[in-house]
Amino acid sequence: MLEPLRQGLPPLDPAAVSDAASCALPARYEAVREARQFTRGTLDQWEMGDRFDDVCLVVSELVTNALRHGLPAESARCRGQEPPVRLHLMRWTERLVCAVRDPSHDSPVTRETDDFSAESGRGLFLVDSFSDSWGWHPLAGALSGKVVWALFRLPRTGNRPDGA
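Residues numbered from 1 in each chain as written. Predicted model: local features only at pLDDT ≥ 70, side-chain atom pairs only at ≥ 80, totals over all residues. Heavy atoms only, no water.

A. Molecular detail of the overall build of the protein. Along the protein, the regular secondary structure elements total three helices and five strands. Secondary structure of the protein in N-to-C order comes out as β-α-α-β-β-α-β-β. The 164 residues of the protein split such that 40% are buried. Nonlocal contacts in the protein, meaning residues at least 24 apart in sequence, comprise 68% of its contacts between residues at least 6 apart. As displayed, the protein offers around 9,400 Å² of accessible surface, 48% of which is attributable to carbon and sulfur atoms. (Helix = DSSP H or I, 4+ residues; strand = E, 2+ residues; numbered from the N terminus. Buried < 20%, exposed > 50% of the residue type's maximum accessible area, 1.4 Å probe, protein only. Contact = heavy atoms within 4.5 Å. Areas by Shrake-Rupley, 256 points an atom, 1.4 Å probe, with all protein chains shown as cover.)

In structure tokens, the structure reads:
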């Protein structure tokens with residue numbers, strides 16, 4: 001299931017994935033809160049609660065964009081189908097990836113704006129500012145749509161150069 005999310009990411013050894021978690025999100029804006037709660041629980045379980053603020057902001061923006069721009073207009077009326085948006089969190093030794101899948105094939109678009117009081121339009125700017133890198137790619141095969149991901153570098157654990 002997570003294999004397509006590795007396409008287009010900076011080089012990572014798939015065998016080095018130490019943890020992965022995923023949740024389906026319904027086509028309603030309350031799903032952003034559910035995504036934050038899922039992220040909080042997952043990061044706490046992985047003993048990474050200190051990264052919650054930055055990661056949660058990015059997850060909120062990615063999920064909001066998927067709900068706002070990645071769903072067809074009729075998706076809210078399609079009951080009984082698999083939820084159209086999915087959040088994946090994957091942790092490698094020195095990297096954490098947050099990836100959000102949606103059914104749209106349209107590329108995410110960063111909007112240039114000088115109006116910093118606007119209530120929308122800065123989501124990808126925030127993703128770029130709070131993560132170490134981000135990107136997107138279309139899905140292929142049985143999965144349709146795209147995945148937008150953000151990468152966070154994690155501090156090395158174990159042997160540190162200062163001898164601590």
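Let's pick the thread back up.
B. Spatial organisation of the sheet that holds strand 5 (residues 146–153). Here we have five strands laid out as an open sheet, ordered 1-2-3-5-4, and antiparallel in their pairing. The open sheet has two edge strands with one neighbour each: strand 1 (19–25) and strand 4 (133–138). Neighbour-to-neighbour, the strand axes of this sheet turn through a mean angle of 15°, independent of strand direction. As defined by bridge partners, strand 2 (residues 85–91) adjoins strand 3 (residues 95–102) across six bridges and the pair is classed as antiparallel. Following the sheet pairing, His-88 is matched in strand 3 by Ala-99. Along the sheet, helix 2 (residues 52–69) makes contact with strand 1, strand 2, strand 3 and strand 5, crossing strand 3 at roughly 15°. (Pairing = 2+ DSSP bridges. Axes fitted to C-alpha atoms, helices over the stretch in contact; angles between N-to-C directions.)

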